[in-house]
Amino acid sequence: LRVGRWRGNALLVHPATRALTTMPDTLHHILHVEDDPAIRRIVALALGRVGGFEVRSAESGAEALHMLSQALPQLLLLDVMMPDMDGPMLLSQLRARDDTATLPVMFMTAKGSDDERAHLRQLGAVAVLEKPFDPMTLAAVVRQHWAAQT
(Lines give C-alpha, C1' and ligand atoms only; values in the text may rest on other atoms or scores of the structure.)
Protein backbone atom coordinates (compact mmCIF):
# COMPACT_ATOMS: atom_id res chain seq x y z
CA LEU A 1 0.00 0.00 0.00
CA ARG A 2 1.59 3.26 -1.13
CA VAL A 3 1.14 6.16 1.26
CA GLY A 4 3.42 8.84 -0.14
CA ARG A 5 6.98 9.66 -1.17
CA TRP A 6 10.18 10.24 0.79
CA ARG A 7 13.55 11.19 -0.76
CA GLY A 8 12.36 10.14 -4.22
CA ASN A 9 11.16 6.73 -3.08
CA ALA A 10 7.67 5.43 -2.54
CA LEU A 11 6.73 5.19 1.14
CA LEU A 12 4.88 1.93 1.78
CA VAL A 13 2.98 0.36 4.66
CA HIS A 14 3.20 -3.42 4.61
CA PRO A 15 -0.37 -4.81 4.75
CA ALA A 16 0.38 -7.68 7.13
CA THR A 17 2.86 -6.06 9.53
CA ARG A 18 1.93 -2.37 9.17
CA ALA A 19 5.67 -1.63 9.01
CA LEU A 20 6.81 1.41 7.03
CA THR A 21 9.42 1.03 4.32
CA THR A 22 10.62 2.87 1.25
CA MET A 23 10.70 1.34 -2.20
CA PRO A 24 13.09 2.82 -4.77
CA ASP A 25 11.53 3.80 -8.07
CA THR A 26 14.08 1.79 -10.07
CA LEU A 27 14.45 -1.96 -9.60
CA HIS A 28 17.94 -3.43 -10.00
CA HIS A 29 18.50 -6.36 -7.61
CA ILE A 30 16.33 -9.50 -7.55
CA LEU A 31 16.67 -12.77 -5.64
CA HIS A 32 14.85 -15.58 -7.44
CA VAL A 33 14.00 -18.72 -5.44
CA GLU A 34 13.06 -21.78 -7.51
CA ASP A 35 13.74 -25.50 -7.04
CA ASP A 36 13.67 -26.39 -10.77
CA PRO A 37 17.16 -25.76 -12.26
CA ALA A 38 15.82 -25.25 -15.80
CA ILE A 39 13.39 -22.55 -14.66
CA ARG A 40 16.15 -20.90 -12.58
CA ARG A 41 18.34 -20.68 -15.69
CA ILE A 42 15.54 -19.33 -17.89
CA VAL A 43 14.52 -16.70 -15.31
CA ALA A 44 18.17 -15.67 -14.81
CA LEU A 45 18.54 -15.18 -18.57
CA ALA A 46 15.16 -13.46 -18.96
CA LEU A 47 15.72 -11.03 -16.11
CA GLY A 48 19.50 -10.68 -16.35
CA ARG A 49 20.44 -10.67 -20.02
CA VAL A 50 17.11 -9.56 -21.49
CA GLY A 51 15.94 -7.33 -18.65
CA GLY A 52 19.24 -5.94 -17.39
CA PHE A 53 18.60 -6.83 -13.73
CA GLU A 54 21.19 -8.18 -11.33
CA VAL A 55 19.72 -11.59 -10.49
CA ARG A 56 20.85 -14.00 -7.82
CA SER A 57 19.25 -17.45 -7.64
CA ALA A 58 18.55 -19.84 -4.79
CA GLU A 59 17.33 -23.40 -5.19
CA SER A 60 15.53 -23.58 -1.84
CA GLY A 61 14.04 -21.52 0.94
CA ALA A 62 16.95 -22.45 3.20
CA GLU A 63 19.50 -21.24 0.63
CA ALA A 64 17.51 -18.03 0.18
CA LEU A 65 17.54 -17.37 3.94
CA HIS A 66 21.33 -17.84 3.94
CA MET A 67 21.76 -15.50 0.96
CA LEU A 68 19.51 -12.89 2.58
CA SER A 69 21.72 -12.88 5.68
CA GLN A 70 24.58 -11.72 3.43
CA ALA A 71 22.84 -9.11 1.26
CA LEU A 72 19.27 -7.93 0.71
CA PRO A 73 17.84 -7.60 -2.79
CA GLN A 74 15.17 -5.06 -3.68
CA LEU A 75 12.74 -7.82 -4.69
CA LEU A 76 12.19 -11.50 -4.01
CA LEU A 77 10.70 -13.61 -6.79
CA LEU A 78 9.47 -16.84 -5.16
CA ASP A 79 8.21 -20.10 -6.54
CA VAL A 80 5.06 -21.16 -4.71
CA MET A 81 5.59 -24.94 -4.70
CA MET A 82 9.01 -26.12 -3.49
CA PRO A 83 10.02 -29.10 -1.36
CA ASP A 84 10.80 -28.65 2.34
CA MET A 85 9.89 -24.96 2.49
CA ASP A 86 7.39 -23.63 -0.06
CA GLY A 87 7.16 -19.98 -1.07
CA PRO A 88 4.41 -19.01 1.42
CA MET A 89 6.37 -20.67 4.27
CA LEU A 90 9.49 -18.76 3.26
CA LEU A 91 7.51 -15.52 3.14
CA SER A 92 6.19 -16.20 6.63
CA GLN A 93 9.74 -16.60 7.94
CA LEU A 94 10.84 -13.43 6.17
CA ARG A 95 8.01 -11.40 7.68
CA ALA A 96 9.12 -12.49 11.16
CA ARG A 97 12.62 -11.03 10.67
CA ASP A 98 13.31 -7.33 11.16
CA ASP A 99 15.63 -7.07 8.14
CA THR A 100 13.21 -8.71 5.67
CA ALA A 101 9.79 -7.86 7.16
CA THR A 102 8.98 -5.36 4.42
CA LEU A 103 10.95 -6.83 1.52
CA PRO A 104 8.70 -6.82 -1.58
CA VAL A 105 7.78 -10.29 -2.87
CA MET A 106 6.33 -11.54 -6.14
CA PHE A 107 5.26 -15.16 -6.51
CA MET A 108 5.49 -17.37 -9.58
CA THR A 109 3.01 -20.23 -9.80
CA ALA A 110 1.72 -22.83 -12.21
CA LYS A 111 -1.56 -22.83 -10.30
CA GLY A 112 -3.11 -19.62 -11.53
CA SER A 113 -6.52 -19.83 -9.87
CA ASP A 114 -8.18 -16.65 -8.65
CA ASP A 115 -8.42 -18.08 -5.12
CA GLU A 116 -4.71 -18.84 -4.98
CA ARG A 117 -3.81 -15.38 -6.35
CA ALA A 118 -6.02 -13.75 -3.73
CA HIS A 119 -4.47 -15.89 -0.98
CA LEU A 120 -0.91 -15.00 -2.05
CA ARG A 121 -1.77 -11.29 -2.22
CA GLN A 122 -3.32 -11.57 1.22
CA LEU A 123 0.01 -12.93 2.45
CA GLY A 124 1.64 -9.73 1.19
CA ALA A 125 2.71 -10.47 -2.39
CA VAL A 126 2.89 -7.41 -4.63
CA ALA A 127 2.16 -9.64 -7.64
CA VAL A 128 1.49 -13.22 -8.67
CA LEU A 129 3.03 -14.24 -12.00
CA GLU A 130 1.92 -17.31 -13.93
CA LYS A 131 4.02 -20.18 -15.20
CA PRO A 132 4.62 -20.86 -17.93
CA PHE A 133 5.83 -17.37 -18.74
CA ASP A 134 7.32 -15.71 -21.81
CA PRO A 135 11.05 -15.20 -21.15
CA MET A 136 11.13 -12.29 -23.59
CA THR A 137 8.50 -10.34 -21.65
CA LEU A 138 9.16 -11.47 -18.06
CA ALA A 139 11.36 -8.48 -17.24
CA ALA A 140 8.72 -6.06 -18.55
CA VAL A 141 6.03 -7.79 -16.47
CA VAL A 142 8.17 -7.57 -13.33
CA ARG A 143 8.92 -3.88 -14.02
CA GLN A 144 5.22 -3.18 -14.56
CA HIS A 145 4.27 -4.72 -11.20
CA TRP A 146 7.17 -2.94 -9.50
CA ALA A 147 6.11 0.40 -10.94
CA ALA A 148 2.54 -0.17 -9.75
CA GLN A 149 3.90 -0.36 -6.19
CA THR A 150 6.13 2.73 -6.33
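Being a predicted model, the structure only gives us computed values, none of them experimental. Going along each chain's sequence as written, the residues are numbered from 1 onward. The predicted nature of this model means local features are confined to residues of pLDDT at least 70 and side-chain atom pairs, given and counted, to a pLDDT of 80 or more, with totals for whole chains, interfaces and linings taken over all residues. Hydrogens and water molecules were not included; the side-chain quantities draw on all heavy atoms of the structure.

A. Region of the structure containing the pairing of strand β6 (residues 75-79). Burial classes follow relative accessibility: with a 1.4 Å probe on protein chains only, a residue under 20% of its type's maximum area counts as buried, one over 50% as exposed, and anything between as partly exposed. To qualify as a helix, a DSSP run of H or I must reach at least 4 residues; to qualify as a strand, a run of E must reach at least 2; elements of each kind are numbered from the N terminus. Where burial is concerned, most of β6 is hidden: five out of the five residues are buried. Of the two faces of β6, the one holding Leu 75, Leu 77 and Asp 79 and the one holding Leu 76 and Leu 78 are both buried throughout. Pairing between two strands requires that DSSP report at least two bridges joining them. Bridge count for strand β4 (residues 29-33) against β6 is four bridges, and the pairing is parallel. Counted as the bridge partner of Leu 31 is Leu 76 from β6. As paired elements, β6 and strand β7 (residues 105-109) share four bridges and run parallel to each other. Counted as the bridge partner of Leu 77 is Met 106 from β7. The handedness rule is simple: strands pointing away from the viewer, and a clockwise path from the first strand over the helix to the second, make the crossover right-handed. Each parallel crossover has a hand, and for β6 linked through helix α3 (residues 87-95) to β7 it is right-handed.

B. View of the packing of helix α2 (residues 61-70) against α3. Contact geometry of α2 with α3 gives a least axis separation of 10 Å together with a crossing angle of 30°. As summarised for this structure, α2 and α3 are arranged roughly parallel, according to the angle between their axes. You can see that α2 and α3 cross each other, and the crossing is right-handed. On α3, the residues touching Gly 61, Ala 64, Leu 65 and Leu 68 of α2 are Leu 90, Gln 93 and Leu 94. Note on method: axes are straight lines fitted to C-alpha atoms, helices fitted across the in-contact stretch only, with angles between N-to-C directions ranging 0 to 180 degrees. Here roughly perpendicular refers to angles of 65 to 115 degrees, roughly parallel to angles under 35, roughly antiparallel to angles over 145, and oblique to all remaining angles. In a left-handed crossing the near helix is turned counterclockwise from the far helix by less than a right angle, and in a right-handed crossing that turn is clockwise. In this analysis, two residues are considered to be in contact whenever any of their non-hydrogen atoms come within 4.5 Å of each other.

C. Spotlight on the pairing of β7. A large share of β7 lies buried, amounting to five of its five residues. Of the two faces of β7, the one lined by Val 105, Phe 107 and Thr 109 and the one lined by Met 106 and Met 108 are each fully buried. Across four bridges, β7 lies against strand β8 (residues 127-130) in parallel orientation. Bridged to Phe 107 within β8 is Val 128. At this point the chain moves from β7, through helix α4 (residues 114-122), to the parallel β8, and the crossover so formed is right-handed.

D. Here's a closer look at α3. All of the buried residues along α3 are Gly 87, Pro 88, Leu 90, Leu 91, Leu 94 and Arg 95. Buried residues of α3, seen end-on, are gathered within an arc of 155° and therefore sit on one face of the element. Looking at the buried residues of α3, the elements they touch are β4, α2, β6, β7 and α4. The backbone nitrogen of Met 89 has a side-chain oxygen 2.8 Å away, supplied by the residue at the start of α3, namely Asp 86. Regarding the arc, it is the one traced by the directions from the helix axis to the C-beta atoms. Side-chain atoms alone can form a polar contact between residues adjacent in sequence; in general such a contact is a pair of N or O atoms within 3.5 Å, and within protein one must be able to donate a hydrogen while the other accepts it.

E. Main features of the packing of helix α1 (residues 37-50) against helix α5 (residues 138-149). In contact at an axis separation of 8 Å, α1 and α5 are set at 70° when each is read in the N-to-C sense. Here α5 runs roughly perpendicular to α1, going by the angle between their axes. Relative to α5, the crossing made by α1 is right-handed. In this structure, α1 uses Val 43, Ala 46 and Leu 47 to contact α5, whose residues at the interface are Leu 138, Ala 139 and Val 142. Gly is placed with the polar residues, together with every amino acid not listed as nonpolar (Ala, Val, Leu, Ile, Met, Phe, Trp, Tyr, Cys and Pro) or charged (Asp, Glu, Lys and Arg). Across the contact of α1 with α5, the residue classes break down as six nonpolar, no polar and no charged.

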